[in-house]
Amino acid sequence: MLGYIYAFMSALCWSSAAILYGYAVKNRDPLMVTILRIHPAFLVTLIGVLLLRELKLEILFDPWILLLAIITGAIGMFLGSYTYMYSLKKAGVSVVYPIAFSYPIYVSLITIAFLGERFSVGIPIGLALLITGLYLISSEKSTSREKDYRKGVIVAVITSLIWALNAILAKIALYRAPPVLFAMMRLLTLSILVTPLLLQRIYEAREFSRSELLAATIGGAIGIGIGLIFSHLAIVDIGAARTTIIGSSSPALSILLATIFLKEKPGKRALIGALIVSAAIFVVAIF
């Protein structure tokens, strides 16, 4: 029973982080929000590594694992995070989150095509649903920000592709490195790399209101750190398959939360499309 609670909490953390990011980027630079989330996320994963007793020096100083940590940190946690924040600013959480988090579908397609993984009936069904959902979302008419909205949808798709590539590279490291430790290594190297940029643009951080600053930093802490720890605990208790299925509820949950807390009102076609994309993720996860 506890494992199912962990899995749901991980989905809730990821969805809640999206709401916080959506609030933070509304009037701020997406790049600055991306930078501000990195250090709090690192601290949370460091605490998680210590509590879970995952600190293994032979992995921490393994050159191959360290190289993968640097690459996937730069691709997924920086570049992918920036495009994600940018798309949130342009099109909103209720539309962007389901699109961005459809990356497991692309991961399945790539691993089947190039890594010889098992084909399942859920892949073509999920892909068909994804294409249908993306069509409905992209064809939504926006009265005041149509160009921004379309741009946000396109960048959300790019984000999903970036995260798919990142997930495949990270999977190589996860054969040897525990997930929370590897996340901590990625965030450690990324924290070192972005600190000069943060110091250079510290004046922008000072322009954030207290609530915007809290949204960006807490979003990083729960979205990357706490969400990952809950997911890891769930996998240990109930297995990866059940955890993935429960986690696939996160996009649909984000739509509900965005409507309640951000007062987003996606058009009918966009809402239906986002729900179909969420269904596509669920289908791929369950089959």
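Please read these numbers as outputs of a predicted model, since none were measured by experiment. (Residues numbered from 1 in each chain as written. Predicted model: local features only at pLDDT ≥ 70, side-chain atom pairs only at ≥ 80, totals over all residues. Heavy atoms only, no water.)

S.K.: Give a description of the overall build of the protein chain that names residues and reports values.
M.R.: When helices and strands are counted, the protein chain shows 15 helices and zero strands. Its C-alpha radius of gyration of 18 Å places the protein chain within 12% of the 19 Å reference for a compact globule of 287 residues. With respect to the principal axes defined by its C-alpha atoms, the protein chain has extents near 55 × 50 × 35 Å. Residues counted as buried form 53% of the 287 residues belonging to the protein chain. Taking contacts inside the protein chain between residues at least 6 apart in sequence as the whole, the part at least 24 apart equals 90%. Carbon and sulfur atoms make up 71% of the accessible area of the protein chain, which totals about 13,600 Å². (Helix = DSSP H or I, 4+ residues; strand = E, 2+ residues; numbered from the N terminus. Rg over C-alpha atoms; globule rule 2.2 N^0.38 Å. Buried < 20%, exposed > 50% of the residue type's maximum accessible area, 1.4 Å probe, protein only. Contact = heavy atoms within 4.5 Å. Areas by Shrake-Rupley, 256 points an atom, 1.4 Å probe, with all protein chains shown as cover.)

S.K.: Account for the pattern of salt bridges, naming residues and giving values.
M.R.: Counted according to the given criterion, the structure contains five salt bridges. For Glu212, the salt bridge is made with Arg28, and the minimal N-O distance between the two is 2.7 Å. Of this pair, Glu212 sits in helix H12 (residues 210-238) while Arg28 sits in the loop between helix H1 (2-25) and helix H2 (30-36), and the two are 184 residues apart along the sequence. Between Arg201 and Asp29 there is a salt bridge; the shortest N-O distance is 2.6 Å. Of this pair, Arg201 sits in the loop between helix H10 (179-200) and helix H11 (202-206) while Asp29 is found in the loop between H1 and H2, placing the two residues 172 residues apart along the sequence. Overlapping salt bridges, with partners in common, bring together Asp29, Arg201 and Glu204 in one network. (Salt bridge = Lys/Arg side-chain N within 4 Å of Asp/Glu carboxyl O.)

S.K.: Give me a nonpolar patch on the surface: which residues, what numbers.
M.R.: On the surface, Val121, Ile125, Phe282, Ile286 and Phe287 cluster together into a nonpolar patch covering about 450 Å² of accessible area. One can find Ile286 in helix H15 (residues 268-286). (Patch = residues over 30% accessible without salt bridge, like charges linked within 9 Å, V, L, I, M, F, W, Y side chains within 5 Å.)

S.K.: Lay out the packing of H12 against helix H13 (residues 240-247) with the relevant residues and their values.
M.R.: To describe two helices that pack against each other, one gives the angle between their axes and the distance between the axes. Packing of H12 against H13 leaves a shortest axis separation of 7 Å and a crossing angle of 135 degrees. In terms of orientation, H12 and H13 fall into the oblique class. Only Ala240, Arg242, Thr243 and Ile246 of H13 make contact with H12, whose side of the interface consists of Ser231, Ala234, Ile235 and Ile238. In the contact of H12 with H13, the residues fall into five nonpolar, two polar and one charged. (Axes fitted to C-alpha atoms, helices over the stretch in contact; angles between N-to-C directions. Parallel < 35°, antiparallel > 145°, perpendicular 65-115°, else oblique. Nonpolar A, V, L, I, M, F, W, Y, C, P; charged D, E, K, R; others polar.)

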